[in-house]
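Tertiary structure, described
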Amino acid sequence: MTYDTMNETRRSLILGIPHPLANLANAAALLWEGLDRLNWAGFYLTVPGKDLLVLGPFQGKTACIEIPYGRGVCGTAAAEQLTQVVSDVHLFPGHIACDSASASEIVIPLRRGKGGPVVGVLDLDSPEKNRFGEEDRQGLETFAAILGESLPDDFPARLL
Ligand code: SME
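Quick notes on the rules
Residues numbered from 1 in each chain as written. Predicted model: local features only at pLDDT ≥ 70, side-chain atom pairs only at ≥ 80, totals over all residues. Heavy atoms only, no water. Helix = DSSP H or I, 4+ residues; strand = E, 2+ residues; numbered from the N terminus. Expected span 1.5 Å × (residues − 1). Buried < 20%, exposed > 50% of the residue type's maximum accessible area, 1.4 Å probe, protein only. Arc of directions from axis to C-beta. Contact = heavy atoms within 4.5 Å. Polar contact = N/O pair within 3.5 Å; in protein donor to acceptor, adjacent residues only side chain to side chain. Near = heavy atom within 4 Å. Areas by Shrake-Rupley, 256 points an atom, 1.4 Å probe, with all protein chains shown as cover. 1 Å grid on protein atoms, 1.4 Å probe; cavity = no way out; pocket = protein on both sides within 12 Å on 5 of 7 lines; lining within 4 Å. Sits in = over half its atoms within 2 Å of the grid points. Pairing = 2+ DSSP bridges.

Right, let's talk about helix α1 (residues 3–14) for a bit. The end-to-end C-alpha distance of α1, which contains twelve residues, comes to 16 Å, matching closely the 16 Å that a straight helix rising 1.5 Å per residue would cover. Inspection of α1 places Y3, M6, N7, R10 and I14 among the buried residues, and these make up the whole buried set. End-on view of α1: buried residues confined to an arc of 95°, all on one side of the axis. Structural note: α1 exposes D4 and E8 on the side pointing more than 90 degrees away from its buried face. On its buried face, α1 is in contact with α2 (20–34) and α4 (134–149). Trailing α1 by a residue or two, G16 shows a phi angle of about 70°, which is positive.

A separate point is the side chain of S102. Mapped onto the fold, S102 is located in the loop between β4 (84–86) and β5 (104–111). By relative accessible area, which is 3% here, S102 ends up buried. Side-chain polar atoms of S102 contact the side chain of N39, separated by 3.1 Å. The contact partners of S102, leaving out residues within four places of it in the chain, are N39, V89, H90, D125 and S126.

On to the site of the ligand. Lining the immediate environment of the ligand, one finds 13 residues, of which V73, C74, I96, E105 and D125 sit closest. Its free accessible area being 310 Å², the ligand has 100% of it covered by the protein chains. Judged by the fraction of its atoms near the pocket grid, the ligand is located in the largest cavity. Broken down by secondary-structure element, the contributors of at least two residues to the shell around the ligand are β1 (40–46), α3 (72–80) and β6 (118–126).

Moving on: the side chain of H95. With respect to the helices, strands and loops of the structure, H95 is situated in the loop between β4 and β5. Looking at H95, its side chain comes within polar contact range of the side chain of E105, at 3.5 Å.

Okay, the pairing of β1 next. Most of β1 is tucked away: seven of the seven residues are buried. Bridging between β1 and strand β2 (residues 52–60) involves six bridges; their strand directions are antiparallel. Bridging across to β2, L45 finds its partner in V54. In this antiparallel pair of consecutive strands, β1 and β2, the connection spans five residues, and G49 shows a positive phi of 80°. By the bridge criterion, six bridges tie β1 to β6 in an arrangement that is antiparallel. Paired with A41 across the strands is L124, a residue of β6.

Shown next, in the form of structure tokens:
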């Protein structure tokens, strides 16, 4: 599926749906279905008031539950508030190997509203090295922005 199609689907799935947990769960399913060569797709959410991520909706194998800000690829994306594209996870210092099949990874900070605070990250893993490039970064940053705009002001406090 192209990112344009996926992001249009993302928009129409969200339209008027005030249920963030449902939107995140469907977002993980849409990514899993729409992109090839993945072994994990999902979210880690920021625990309010703590520099800590906790596992959110995802597709793939069971994963570690807590990741402190600054640790691994997810914790680095959350702490630096910047997308991380890792072509070979074995070369990333502190990478957390939830699934030993993972070879490359992209993590995008998830912001609430239009450019609001970072409330989590979107994490995709692939069993293939160099799986994620510039097109993926742009497509997934748009995907995260569409999703972020649908999140209510009290997200994720009410969930965690
Ligand atoms: N590899 C990630 C941990 C999460 S799993 O990939 C699902 C990391 O280093 O942050």
